[in-house]
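Secondary and tertiary structure notes
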Amino acid sequence: MLPESFNFMCPSKTGSGFRALDQLPSDLVAINASHPLIITDKYCSGKYTKTIENAFKCSEMTLGIYNGIKSNSGIETVSELAKIYNNNGFDSIIALGHGRIADIAKILNIVVSGKPDDLKELAGVDKITSPLKPFVYIPVLNSDGREATGDAYLDDEISFSSNFLMPNIVCIDPRIITEESPYKVINSAFRALTIASESYTEGDNPLSGAYEHIAIEFVMTNLKNVVENSYKEKKRFSKLNLDTTESKERICLVNASIMSGYIYSNKPQGISEKLGYAISKKCRVEPGIAMGIVLPYSLEYKANRKNYDLEKFMLPIAGLDIYCSTPAGQRFDSAIGQIRYLQNEFYSITSTEVPRTLEDAGLDESMLSEIAKEVACDDYHEATCFFILEHAFYGKPVLP
Amino acid sequence: MHLPEYYEFCCTVKTVAGHDVLESIPELLSKMNSKKTMIITDKGVELAGLVKIVTDAISENIEIGAIESDVPPDSDVRVVNNLSKIYVKNGCDSIIAVGGGSVLDTAKGVNIIVSENSDDLMKFTGAGALKRKLRPLVAVPTTSGTGSEVTSVAVIADPERNKKMAFSSLYLLPDIAVLDSRMTLTLPDFLTSQTAMDALTHAAEAYTCLSKNPVSDIHAINAIKLITENLLNVIKNPTDKEGRLALATAANIAGMSFSNSMVGMVHTLGHSIGAVCHVPHGTCMSILLPYGLEYNMHKTGEYTGELLYPLAGDKVYSKTPKSKRPEKAIEYIRDLNQKLCDATDGRHPVCLKDVLDRDGNMMVPEDKLPEIAKTALGDGSIFYNPEELDFDDILKVLKFAWSGEKLDRSLWIHKNSFKNQESL
Amino acid sequence: MGNFATLQPGGRPLVRFYLAFMLWFVGRAIQAAALVDPNVRKEFNDLPDDFSFSLGAAFNGPQMAIGKDSNGKVKYLGKNSNIVPQVKITIKSMEALFLLFTFRESTPVANSRERMTVEGNLSHACACVRILDIVQVYLLPKPIAKLAIKRYPKWSLKKHTINRLLINLRAIIGF
Ligand SMILES: [Fe+2]
């Protein structure tokens, strides 16, 4: 049944697949931009500048490229970029890469769309009230989706959240989605899976349903192949990116991450997501991996406690045919089983680099109560959080 | 899931849905810095008392600068110009469009004029003519079918130049679509069934035509599911609020689906029957949908087969062997049409010869079919249909749809390559 | 400011030359087909007098235009025609036009991937696309043409041989 009220919005246009970047010049013109500044880091600029340049050939556009973003770039970088942007008369921003690159690009957009001293005033949630400059995001394989959200972090004190920060265009091109380390790929994919699954199992919002479904299905059907391929011995021409199946699988994962970003911008954070962030601060595990560990247990808890009918969860997890041929009572358990199966596989494929449980992750058991206290909220009391964490620690299913 | 080599998806509209969500309009408008709004609607909507529900929901924060209800059934540039003057004169800074397709098209036209500060709409036709965001526009649909609250096109007639101006731009999308169950509660049964079948057709065509993509696919499946689970109930219990909201939502997501993946021959033929014989759009859709799916089956049977899940449910889907699913899905659509026909005392016809006007005259005489076929060759949606269609093909399909007989696919066996079908 | 640089992507002279040649050839082939092929002639007859349409790439890419003169004669108008075409088919980038003319993406596929825009009267545009389809069948060998259109037509032997030869010849020598 539908909820009493529900809503959804995604202001971004997604273009994904073969020659996506070639469409970018005309898409930019359509949003009144013709002189973009590309923001990226040394790694991406070294690897992808030529591809981007080729896509803009014949467009008669001049591009600026700044490749000085580092993981600790902050307000000085924003100021430097603002000077470059204004002195050269740029009219739009393209972020190429992941994480910090998108944060800085979004904050630059706030600065160049208004007065420089706006930053402090506009910090917080929904303080920006009008559209900013055209902003394009070009993801890479380890983009975790946060880049496509309306969130931007400057430092521990100042962060921004507004739909106006979401990209106008997300351009997913196979030439940019090249291989990455399996650990990073799993981290991004599990983050996407967690956000999408928690949203999918929380009420029945048909407006966001498509994004959730796709993110879940794409991760479940492609992640294992992408991870396995990165261990395969490379063929002679692999650099040319000729294998379209492999490239398609990677594209699917990036689609999942980007969709999770869209979902994230419309929903409050789920419990696994919160726990994942808290856990990653206490031990050497990335947030996405930690979310993935917690996810099956928190979903089982949800299925038991609220008497939710979570049988439908198997549809995106296993696909239409398997969903329909599985008897109704077995669907939820079987779906959770498939997530666990993936996790156990990764544990062995990556030679234990990707943990199955919080114990594997090297978390100290004494930390569980601290994390539970930190994350506790109205819906999930401290005891509940602890309960979920404890099960995730030992890898012990939550029985009805 | 089918992932095309390349796809695009975009719907910038914020959709707000529920049983009393009209009340959130003032807050949403304030967030867009609007203070004084103009309500654009038509006489029918006003007479049904729907405008009052909207105005009652608008609180003190937002002033209503004007309520204009003289939108004709086909949007007209003179009305657009006239309303624009009122908008400016009354100092409005946003629009709430309450109604169906023509009200929204009119509102989109007004919004172009007042935002671009121009008096000539003609300048903004064609691709890429609009380059920046327009003023705030809120759409409140009063039927559950067209999905025009999430489409980026508008058609406005210019009777003096004897032209129809077509506008297409992502900037035409409303900022907000408000789906409130109260807006469709009083929609008569036959309109409910027609418009719902229009939405179902949007979804089915989006799922089977050339521009299908993951997002449009899942939206389509979900829309069809909502419709098949609720439509007959709503026809029997018109005041079923839950069901009404489900249908409105279905129309909305089906609209997002087809506006990103486009529609094919069902719309090609339907638009033409509408143009030549003035049959309501939804009626054409419900009659033609099975034929469109049948005609394309050798190319898209696999996709049609997958529609059996939302049409008939998981049990029927898993029981039916893969090769039988396409036909079974089409059977379910025919069956749904027949049930709707029975439930509305024949006001939901299942073949073209049964379509009657108010006086009981046949609206689509058989001798009009060639003219319809000719018109269809000039409809843009023909590009997106998976299989080629020439004049003879269209005429043959129309003849079957006229009599209500199932399409005899063997007539095309030599023309179309049926290879894919054999492997099914 | 060692982190900042300006890029001037420039053009693709060879691609442009190839596309300009292909457009020239297709344009002249349409002019020839209007004389030789009854279906093409009929499509043109149904279009209004002084009708014209153009096909080309965005950002000042190569273009070609075809038009009917006041006597209803179909003429290839070249690339720099001063007439504003009534139907304008624009491929969003030269790269996409290159995909189209190297037969890696067919017209329906390019359209479904949103790589082209059509401006002007849509029903006239439909006729233009049908004309282009027929001409492609004349110009391309069957295996390639089959990829370029939705349904390969069943034509008589005469159409496949004599008409094909005539259209190709006329396109090259230009009358
Ligand atoms: Fe429709």
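The next point concerns the coordination of the iron ion. Residues and elements named next belong to chain B. In this structure, Asp-198 (OD), His-202 (NE2), His-267 (NE2) and His-281 (NE2) serve as the protein donors to the iron ion, at separations of 2.2 to 2.3 Å. Taken together, the four donor atoms coordinating the iron ion span angles of 83 to 167 degrees at the metal, a pattern that classifies the geometry as irregular. When the donor residues of the iron ion are listed from N- to C-terminus, their spacing reads D-x3-H-x64-H-x13-H. With a gap of 79 residues between them, His-202 in helix H6 (residues 189-208) and His-281 in helix H10 (residues 281-295) connect regions that are remote in the sequence. A residue is classified by how much of its surface remains accessible, and His-202, at 2% relative accessible area, is buried.

Tallying the contact residues gives 28 residues for chain B and 20 residues for chain C. Looking only at chain B, the three residues that lose the most surface to chain C are B:Tyr6, B:Phe383 and B:Glu388, adding up to 31% of its buried area. Run the count over chain B and chain C and you get three salt bridges. A salt bridge links C:Arg151 to B:Asp390; the nearest nitrogen and oxygen atoms lie 3.5 Å apart. Looking at the side of chain B that touches chain C residue by residue, the classes come out as 10 nonpolar, eight polar and 10 charged.

Take the interface of chain A and chain B next. Note on interface size: it is often stated as the accessible area lost on association of the parts. With 49 residues of chain A at the interface, the matching set in chain B holds 44 residues. Roughly 3,800 Å² of surface becomes buried between chain A and chain B when both sides are summed, with 59% attributable to carbon and sulfur atoms. Our count for the chain A to chain B interface comes out at five salt bridges. The salt bridge partner of A:Asp321 is B:Arg325, with a shortest N-O separation of 3.9 Å. Joining chain A to chain B, the criterion identifies 14 residue pairs in polar contact (both at pLDDT 80 or more).

What follows is about the domain arrangement of chain B. All names here are of chain B. Domain parsing of chain B yields domain 1 (14-183) and domain 2 (189-411). Counting from both sides, the interface comprises 15 residues of domain 1 and, opposite them, 18 residues of domain 2. Seen at the junction of domain 1 and domain 2, the total is zero salt bridges. Viewed at the interface, domain 2 and domain 1 are joined by two residue pairs in polar contact (both at pLDDT 80 or more). Elements represented by at least two residues in the side of domain 1 that touches domain 2 include exactly strand E1 (6-18) and strand E8 (176-180). Element by element, the count of residues in the side of domain 1 that touches domain 2 is highest for E1, at three residues.

To continue, consider the packing of aromatic side chains. Scanning all chains against the criterion turns up 20 aromatic pairs over all chains. The interplanar angle of 85 degrees and the centroid separation of 6.0 Å between the aromatic rings of A:Tyr211 and A:Tyr262 together place this pair among those described as edge-to-face. On the criterion of sequence distance, the pair formed by A:Tyr211 in helix H7 (residues 209-229) and A:Tyr262 in helix H8 (residues 244-264) is long-range, its members being 51 residues apart. Given a relative accessible area of 4%, A:Tyr211 falls into the buried group. Owing to a relative accessible area of 0%, A:Tyr262 belongs among the buried residues under this scheme. Taking 6.4 Å as the distance between ring centres and 85 degrees as the angle between the ring planes, the aromatic pair formed by A:Tyr211 and B:Phe9 counts as edge-to-face. A residue pair is termed interchain when its members come from two chains, as with A:Tyr211 in helix H7 and B:Phe9 in strand E1. Neither residue differs from the other here; A:Tyr211 and B:Phe9 are each classed as buried.

Here helix H10 (residues 287-305) of chain A is 19 residues long and its end C-alpha atoms lie 25 Å apart, about the 27 Å a rise of 1.5 Å per residue gives. Approximately 40 degrees is the largest bend angle found in H10(A), and it occurs at A:Leu295, with the proline A:Pro296 only one to four residues beyond.

Looking now at a nonpolar patch on the surface. There is a patch of nonpolar side chains on the surface, built from C:Leu165, C:Leu169, C:Ile172 and C:Ile173 and spanning about 390 Å² of accessible area. With respect to the helices and strands, C:Ile173 occurs in helix H7 (residues 157-173).

All names here are of chain A. Strand order in the open sheet made by the three strands is E5-E8-E7, with mixed pairing throughout. Bordering the open sheet on either side are strand E5 (124-125) and strand E7 (151-153), each of which pairs with just one other strand. Sheet contacts for helix H4 (residues 100-113): E7 and strand E8 (159-161); angle to E7, the most-contacted strand, approximately 100 degrees.

Attention shifts here to the nonpolar core. A:Phe160, A:Leu223, A:Leu275, A:Ile279, A:Phe313 and B:Val364 are the most contacted members of the largest nonpolar core, which has 210 residues in total. Of the residues forming this core, the biggest block, 12 residues, is contributed by helix H7 (residues 214-236) of chain B. Among all residues touching A:Leu223, those that are not within four sequence positions of it are A:Val185, A:Ile186, A:Ala189, A:Phe190, A:Phe218, A:Leu253 and A:Phe346.

Further remarks concern empty space enclosed by the protein. Scanning the entire structure with this criterion turns up eight cavities of 30 Å³ or more. Size it by volume and the largest cavity reaches roughly 190 Å³. Residue contributions to the lining of the largest cavity peak at four residues, all from helix H5 (residues 122-139) of chain C. Across the lining of the largest cavity, the residue classes tally to seven nonpolar, two polar and four charged. Approximately 100 Å³ is the volume attributed to the second largest cavity. Together, 14 residues line the second largest cavity, and A:Lys57, A:Cys58, A:Ser59, C:Ser93 and C:Met94 are the ones closest to its centre. Per-class residue counts for the lining of the second largest cavity are six nonpolar, four polar and four charged.

Take the side chain of A:Ser257 next. All names here are of chain A. In this fold, Ser-257 is placed in helix H8. Using a relative accessible area of 2% as the deciding quantity, one classes Ser-257 as buried. Excluding residues within four positions of it along the chain, Ser-257 makes contact with Ser-143, Asp-144, Gly-145, Ser-188 and Ala-192.

Quick look at H6(B) now. Each α-helix winds once per 3.6 residues, and so residues spaced three or four apart point in a common direction. Between its first and last C-alpha, H6(B) extends 28 Å over 20 residues, near the 28 Å set by a 1.5 Å rise per residue. The buried count for H6(B) comes to 18 of 20 residues, which makes it a mostly enclosed element.

Attention now goes to the packing of H7(A) against H7(B). Here H7(A) crosses H7(B) at 120 degrees, and the two axes come no closer than 9 Å. It follows from the interaxial angle that H7(A) and H7(B) lie oblique. Taken as a pair, H7(A) and H7(B) cross one another with a handedness that is right-handed. Between H7(A) and H7(B), the residues in contact are A:Gly209, A:Ala210, A:Tyr211, A:His213, A:Ile214 and A:Phe218 and B:Pro214, B:Val215, B:Ile218, B:His219 and B:Asn222, respectively. Partitioning the contact of H7(A) with H7(B) into residue classes produces seven nonpolar, four polar and no charged.

The rules we used
- Positions within a chain are numbered from 1, following the residues in the order the chain's sequence is written.
- Whichever chain is written first is A, and whichever ligand is written first is 1; the rest continue in order.
- Selection of residues for local features in this predicted model requires a pLDDT of at least 70, selection of side-chain atom pairs for listing and counting requires 80 or more, and totals for whole chains, interfaces and linings are taken over all residues.
- Based on all heavy atoms of the structure, the side-chain values leave hydrogens and waters out of the count.
- Each metal site is built from N, O and S donor atoms within 2.8 Å (3.2 Å for Na, K and Ca), and since water is not included, such sites may look incomplete.
- Every angle between 85 and 135 degrees makes a four-donor site tetrahedral, while opposite donors more than 155 degrees apart, with all other angles between 65 and 115, make a four-donor site square planar and a six-donor site octahedral; other sites are irregular.
- The helix and strand labels rest on DSSP assignments: H or I over at least four residues marks a helix, E over at least two residues marks a strand, and numbering proceeds from the N terminus.
- For every residue, the accessible area (1.4 Å probe, protein chains only) is compared with the maximum for its type, and the residue is labelled buried under 20%, exposed over 50%, or partly exposed between those bounds.
- By definition in these notes, contact holds between two residues if any of their heavy atoms fall within 4.5 Å.
- Once two parts are put together, the accessible area they lose, assessed with a 1.4 Å probe and summed over both, is termed the buried area.
- The salt bridge definition used is simple: a Lys or Arg side-chain nitrogen within 4 Å of an Asp or Glu carboxyl oxygen.
- We call Asp, Glu, Lys and Arg charged. Ala, Val, Leu, Ile, Met, Phe, Trp, Tyr, Cys and Pro are nonpolar, and the rest, Gly among them, are polar.
- Polar contact criterion, stated in full: a pair of N or O atoms within 3.5 Å, where within protein one must be able to donate a hydrogen and the other to accept it, and residues adjacent in sequence count only if both atoms are side-chain atoms.
- Each domain's extent is set by a domain assignment, obtained either automatically or from a database.
- Two aromatic rings, drawn from Phe, Tyr or Trp (for Trp, its six-membered ring), form a pair once their centres lie within 6.5 Å of each other, and the interplanar angle then sorts them: stacked below 30 degrees, edge-to-face above 60, tilted otherwise.
- What a helix is expected to span follows from its residue count: subtract one and scale by 1.5 Å.
- The seven residues ending at a residue and the seven starting there each receive a fitted axis; the angle between those axes is the bend at that residue.
- To count toward a patch, a residue needs a relative accessible area above 30% and no salt bridge. Like charges then connect within 9 Å, nonpolar side chains (Val, Leu, Ile, Met, Phe, Trp, Tyr) within 5 Å.
- Only the protein chains shown count as covering a residue, and every accessible area follows the Shrake-Rupley method with a 1.4 Å probe.
- Any two strands between which DSSP finds at least two bridges are classified as paired.
- Lines fitted to the C-alpha atoms define the axes, with helices restricted to the stretch that makes contact. Angles between their N-to-C directions range from 0 to 180 degrees.
- The set of buried Ala, Val, Leu, Ile, Met, Phe, Trp, Tyr and Cys residues whose side-chain atoms join them within 4.5 Å is what this entry labels a nonpolar core.
- A 1.4 Å probe that fits into a set of points on a 1 Å grid over the protein atoms alone but cannot get out defines a cavity; an open set with protein on both sides within 12 Å along at least five of seven lines defines a pocket, and lining residues are those with an atom within 4 Å of a point.
- Grid points are joined across faces, edges and corners, and a volume is the space filled by probe spheres set on the points.
- Oblique is the label for any angle not covered by the other classes, which are roughly parallel (under 35 degrees), roughly antiparallel (over 145) and roughly perpendicular (65 to 115).
- For any pair of crossing helices, the crossing counts as left-handed if the nearer helix is rotated counterclockwise from the farther one by less than a right angle, and right-handed if it is rotated clockwise.

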